[in-house]
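# Architecture and fold: a report
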Amino acid sequence: MAEPDPEPVASRAGQRLGAPETVGISTLDPGHRPPTMPPGRHVTIRVRMLDDTEELFDISQRASGKVLFDLVCSHMNLIEGDYFGLEFQNHQKMVVWLDHIKPIIKQLRRPKHTILRFAVKFFPPDHAQLLEELTRYLFALQVKQDLSCGRLTCNDSSAALMVSHIMQSEIGDFEESQCRSHLLNNNYIPDQVPLIDKIMEFHSKNLGQTPAESDYQLLEVARRLEMYGIRLHPAKDREGSRLSLAVAHTGVLVFQGHTRINAFNWSKVRKLSFKRKRFLIKLRPDLNSSYQDTLEFLMASRDCCKVFWKICVEYHAFFRLFEEPKPKPKPVLFTRGSSFRFSGRTQKQVIDYVRESEFKKIPFERKHSRVQHNSRLSPLPSPRHHEVPTESGAPGDRVDSSPRRHWKESALVSSEDPSASRIARASPSHQRNGHEDRTGSVSRMEETRGSTRPAHPEHLATGVVSNSPYLSASSGQLHGMVNGQKSMELGSHSPDGRQPSPLTSPLLNDACSVRTDDEDEVRRKRFPTDRAYFIAKELLTTERTYVKDLEVVTVSFQNAVGQDEATPDSLKNTVLSTFEPLHSFHTGFLREVEQRLALWEGRSNAHIKGDYQRIGDVLLKNLQSLKPLTANLHKQSEVLVELEKACRASRKVEGLCREFELQKVCYVPLNVFILRPLHRLIHYKQILERLCKHYPATHVDFRDCRAALADVSEVVEQLQENIIKMENFQKLLELKKDLIGVDNLVVPGREFIRFGCLSKLSGKGLQQRMFFLFNDVILYTSRGMTATNQFKVHGQLPLHGMTIRESEDEWGVPHAFTLVGQQQSVVVAASSFTEMEKWMEDIKTAIETAKTSNGPTSDLLTSNLTDSKCPDESSVEAESEDDMTASHTSLERPTPHRGNTMVHVCWHRNTSVSMVDFSVAVENQLSGNLLRKFKNSNGWQKLWVVFTNFSLFFYKSHQDDYPLASLPLLGYSVTIPSETENIHKDYVFKLHFKSHVYYFRSESEYTFERWMEVIRSATVPSSRARVLNNKESHAH
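Bear in mind that the values here come from a model prediction, so they are computed numbers and not experimental data. (Residues numbered from 1 in each chain as written. Predicted model: local features only at pLDDT ≥ 70, side-chain atom pairs only at ≥ 80, totals over all residues. Heavy atoms only, no water.)

## Considerations on the overall build of the protein chain
For clarity, the threshold we go by: Each helix is a run of H or I in the DSSP string that is no shorter than four residues. Each strand is a run of E no shorter than two, and both are numbered from the N terminus. Think of it in three bands: with a 1.4 Å probe and only protein chains considered, a residue is buried below 20% of the maximum accessible area for its type, exposed above 50%, and partly exposed in between. Should any heavy atoms of two residues lie within 4.5 Å, those residues are counted as being in contact. Throughout, the Shrake-Rupley method with a 1.4 Å probe supplies accessible areas, and for residues the shown protein chains are the sole cover considered.
Scanning the protein chain from N- to C-terminus turns up 28 helices and 30 strands. Burial statistics for the protein chain: of 1036 residues in total, 56% are counted as buried. Considering only intrachain contacts with a sequence separation of at least 6, the fraction spanning at least 24 residues in the protein chain is 68%. Total accessible area on the protein chain stands at roughly 45000 Å², and carbon and sulfur atoms take up 49% of it.

Here's what the structure looks like:
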């Protein structure tokens, strides 16, 4: 990079503070330094930041837009810079984004007189995808600007709530007179005065909220608004109606005023183009849509069309592509169409890069914040001889901690070893450019990002941080010392004599380095590696799935079935009163867990001292709040009974329920969703047991975890008997749907034990049959040829008086055994010796139990095998055997999911499942992100994976409402890849069944162990599953 001009106006903020060449730029690939400045005449470019300060950058006219943008990101020490851009008003008075590929001289006609604005360019759907606190702060500033100028429209309550979070970040906790005075002197929204009381009411509820938490909450509210991130481009339709076009992460949007009237998802758009003033959207053919193939909108000019087309191209590439598109080869003779393309990393690349790279945390200063940064949140306590200067500049005085003092929140950095400082200055080659070498694996995550060497205990008493002065916000105060230089010198280098932006001038450590690591420091990864963190993360991921499951009942089921007139009020009221309070509670609980994990992961300075590196306090508080809802947990049986009564009383209600189970959102049987709250308590207990086992008794989180474990264990013990009964009742109801020719299957006293595939020996040889074992009878069935593919009952074998013996030698059939009843005998053969052992063990136990118990009647068969209903009305679920096979053996065919498929999977996989297996599967539910790879593919695909009901369900992200595909695990084997398979990654496990092979990669040793444990519960026989899990879960 060219040497900066010696004149003060041309130097960069970092250089003014004595910094070396800035490194760690978000838009660069790992291992690369900023691009070399091309030769040519230099010009000074003025950039206005999001906090309204302006900075000057000295750059060659021949440099590309990317060079300037990289300098801006480097100036701010911004890692996730790819979400942002530089916009300016061109010679046609149109606001456009600076092109990264074109030279600046071709874009700015008068560079010295043009002000570029640094702004958010790409708005992600979820602010949790922003991994850096600085990035979220910049987004919060953008939201603040959009609110102030009226671009982000919303109702009064949302506006007041957002302003309250902004004020909490700027002035701290609520104090009535100060808050009112601040609102009268600062306008955050148009026509603010009528909302002052409401803003103050909301502000009073934000007590104790840090600026980082306020940013998070502000973005949480903003992202739900219809106009969040929307930039309107005026247009007209073919009838001449005035409309506006916009682009978002989902696709192209159409607005009338500030109301969205249409949306074209990227998956439906085949091509975007423009011809003169006409903007054209070519849609993919859709027989169910009334739209024409090509939609046409008229804009003000060709340039307007081109500007909007460009931003559409960039939005599509950033959010939909896995990597930056490659440039097209230039034609030899002549060109046709625009050569414009997206330049930069995609969102996926940004997220993966930030998570896998190693950075030293460089905190920053919030320009408008009066909240003094608490010293306990600092990376390192300061030595006693480094004190923050007061307004008089005396270094020995302490800073007044009163929130009324107008102190800025200073950037806090660690105090480095002086020897390391000398090495950094003497050997630039020892400095990395903010990027650690990628290992291609997540196996070496060793410390929390931003962690530092422990300080001497004597330093813990100091109230301030070395090299981190708090600059006074008073207008006349410019005499503080920053790294030995007067702050007056800082102001002299900015336009109009203003102090440079705190965003672009991070205070540096003794080594004067930005986001670099000393050679002798241990390599660090983005996230913590403590086992407790991954246990807490399991709580977060499974809670996300649980809340989604509750929404299946409270939202989807209510809309599909609850709104129908045929549905009885008793069922509606029972479902509503039982699940709505639970959904409301767990939504709030999930929000708290998300916030705690965000702090734990180091997205805020609060993680440095470990104040938020725990989860027991959150669990204890919420589990105690859950106790009043225990009555709702006892009502699960009432919901099942009311649902069964309604289905028996009305064929229409039964049809509605069956149709709902065929919807994609109902990915497991409806009754399973109803029992989820009971099962969730078991999951909380298991998570707390793992935490208590991990923590030493002296750990700060141990007491809370132990108290929470005692509370949840007490509730689980009270509900345990009810859980067992409900699981059996639910399974009988589920089996009733799969069987034809059974009457009174669901009766008191009947217990399900096992179902599975056996071969029955008859005069025609061995014939595949499906057997169902209960505590009083065995039913054997064949798959019917009806439209529903239900199983037709052929016969029943009462257990009373039955005997069983092996008969492999007698009949010459492998794995054969004979069931000898009082009226008939049946010879059957299992698919393997293990299957035979399981069947014989369960049947012998059931026979012994039947001798002493007064079970239900064994007469289950009906006379007409139609269950007294019309076949046309009962045949709701249509699916062929070929379709069934394909939908459960391929991840690439996202066919609609049936609710009750386990019996069919056992039929196709020639295996069996017991009630014990179902209970184990309930205890071993798991969710989280995994990387998936096929046998013959090269790349890894990131998916949100949910394990439940013996299956893996695959989602693009945890926000999706239904899975893309599923993989039943019955019959699969789970192993670790061998050396010959060339999977050179850590924490990888392999699933294979016949010719189907899949590789999955987890993020840590703990998550690897957990996935292996839960998958083994679905693939290892029940009699040995627990033993193997206990022995082998820690083997790898």
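The structure having been displayed, the exposition proceeds.
## Section: the packing of helix α19 (residues 676-694) against helix α20 (residues 702-738)
Rule in force here: Helix axes are fitted to C-alpha atoms over the stretch in contact, other axes to C-alpha atoms as well, and angles between N-to-C directions run from 0 to 180 degrees. For any pair of crossing helices, the crossing counts as left-handed if the nearer helix is rotated counterclockwise from the farther one by less than a right angle, and right-handed if it is rotated clockwise. Residues are sorted three ways: Asp, Glu, Lys and Arg are charged, Ala, Val, Leu, Ile, Met, Phe, Trp, Tyr, Cys and Pro are nonpolar, and all the rest, Gly among them, are polar.
Between α19 and α20, the least distance of the axes is 8 Å, while the angle of their chain directions is 145°. Remark: the crossing between α19 and α20 carries left-handed chirality. Its residues assigned to classes, the contact of α19 with α20 comprises 17 nonpolar, two polar and four charged.

## Concerning the sheet that holds strand β4 (residues 95-97)
Across a sheet, paired strands are connected by hydrogen bonds in the backbone, their directions being either parallel or antiparallel. Test applied: The rule for pairing is simple: two strands pair if DSSP sees at least two bridges between them.
Here we have five strands laid out as an open sheet, ordered β2-β1-β5-β3-β4, and mixed in their pairing. With partners counted over all chains shown, the strands left at the sheet margins are β2 (54-60) and β4, one partner each. With strand direction ignored, the average angle separating the axes of adjacent strands in the sheet is 35°. Of the pairings in the sheet, the one linking strand β1 (residues 42-48) to strand β5 (residues 115-120) comprises three bridges and is parallel in character.

## What to know about the nonpolar core
Our working rule: Joining through side-chain atoms within 4.5 Å is the link that ties buried Ala, Val, Leu, Ile, Met, Phe, Trp, Tyr and Cys residues into a set, and such a set is a nonpolar core.
Judged by nonpolar contacts, the single largest core of 126 residues is most densely connected at L691, F755, L952, F989, L991 and W1011. Not counting residues within four places of it along the chain, the set of residues in contact with L691 comprises A532, I535, I615, L619 and C705. L78, F202, L283 and Y315 belong to the second-largest nonpolar core, a separate cluster that totals 103 residues.

## Some points on the pattern of salt bridges
We apply this condition: Salt bridge criterion: a side-chain nitrogen from Lys or Arg within 4 Å of a carboxyl oxygen from Asp or Glu.
Enumeration over the complete set of coordinates arrives at 42 salt bridges. Among the salt bridges present, the one from D776 reaches R750, with a minimum N-O distance of 2.8 Å. Pair noted here: D776 is in the loop between β17 (765-774) and β18 (777-783) and R750 is in the loop between β15 (739-740) and β16 (752-762), with a separation of 26 residues, a long-range link. Here D776 matches R750 in class, with each residue buried. When salt bridges with common partners are traced through the structure, they connect E538, R690, R1010 and E1013 into a single cluster.

## Considerations on the packing of helix α14 (residues 616-626) against α19
Applied cut-off: Note on angle classes: values under 35 degrees are labelled roughly parallel, values over 145 roughly antiparallel, values of 65 to 115 roughly perpendicular, and the remainder oblique.
Put simply, α14 and α19 touch, their axes get as near as 13 Å, and they point 150° apart. Taken together, the axis directions place α14 and α19 in an arrangement best described as roughly antiparallel. The element α14 and its partner α19 pack so that their crossing is left-handed. Every residue of α19 that contacts α14 at L619, L623 and L626 is listed here: L681, Y684, L688 and L691. Looking at the contact of α14 with α19 residue by residue, the class counts come to seven nonpolar, no polar and no charged.

## Remarks on the side chain of T1007
Counting through the fold element by element, T1007 comes out in helix α27 (residues 1005-1019). Exposure remark for T1007: the relative accessible area of 13% places this residue in the buried category. In this structure, T1007 is in contact with F534 and S1002, ignoring residues within four places of it in sequence.

## With respect to a positive patch on the surface
Basically, it comes down to this: Patches here: salt-bridge-free residues with over 30% relative accessible area, like charges joined within 9 Å, nonpolar side chains (Val, Leu, Ile, Met, Phe, Trp, Tyr) joined within 5 Å. Note on charges: Lys and Arg go in the positive column, Asp and Glu in the negative column, and His and the chain ends are not counted at all. In this description, the location of a charge corresponds to atom NZ of lysine, CZ of arginine, CG of aspartate or CD of glutamate.
A cluster of basic residues, R270, K271, K282, R284, R320 and K956, forms a positive patch at the surface. Looking at R270, the relative accessible area reads 53%, which means it is exposed.

## Some points on unusual backbone geometry
The phi torsion at F950 lies on the positive side, around 65°, for a residue other than glycine. Positionally, F950 belongs in the loop between β25 (941-948) and β26 (951-955). Assessed through its relative accessible area of 1%, F950 is described here as buried.

## Topic: the environment of G971
If you trace the backbone, G971 turns up in the loop between β27 (965-968) and β28 (973-975). G971 sits in the partly exposed class, given a relative accessible area of 39%. Sequence-wise, G971 and H992 are 21 residues apart; in three dimensions their C-alpha atoms are separated by 8.9 Å.

## Structural notes on the environment of E1009
Here E1009 lies in helix α27. For E1009, a relative accessible area of 5% translates into the label buried. Considering only alpha carbons, one finds E1009 and Y987, 22 residues apart in sequence, at a separation of 8.6 Å.

## Quick notes on the pairing of strand β6 (residues 233-236)
The alternating pattern of β6 places H233 and A235 on a buried face and P234 and K236 on a face that is not buried. The pairing of β6 with strand β7 (residues 242-247) spans four bridges and is classified as antiparallel. Each residue of the ladder has a partner; that of K236, found in β7, is R242. Counted along the chain from β6 to the antiparallel partner β7, the turn is five residues long, and its residue G240 has a positive phi close to 90°.

## Structural notes on the sheet that holds strand β30 (residues 996-1001)
With antiparallel pairing, the seven strands of this open sheet are ordered in space as β27-β26-β25-β24-β30-β29-β28. At either end of the open sheet lies a strand with only one pairing partner, and these are β27 and β28. On average, adjacent strands in this sheet sit at an angle of 35° to one another, irrespective of strand direction. Relative to β26, β25 runs antiparallel, the two sharing five bridges.

## Quick word on the confidence of the model for the protein chain
In plain terms, the rule: Across the chain, each position has a pLDDT score giving the predictor's confidence in that residue, from 0 to 100.
Residue-level pLDDT values for the protein chain average 75, and 71% of them are 70 or greater. Between residues 372-525, whose pLDDT stays under 50, and residues either more than four places distant or in other chains, the model counts 366 contacts. In the predicted structure, residues 1022-1036 sits below a pLDDT of 50 and forms 23 contacts with residues beyond four places in sequence or in another chain.

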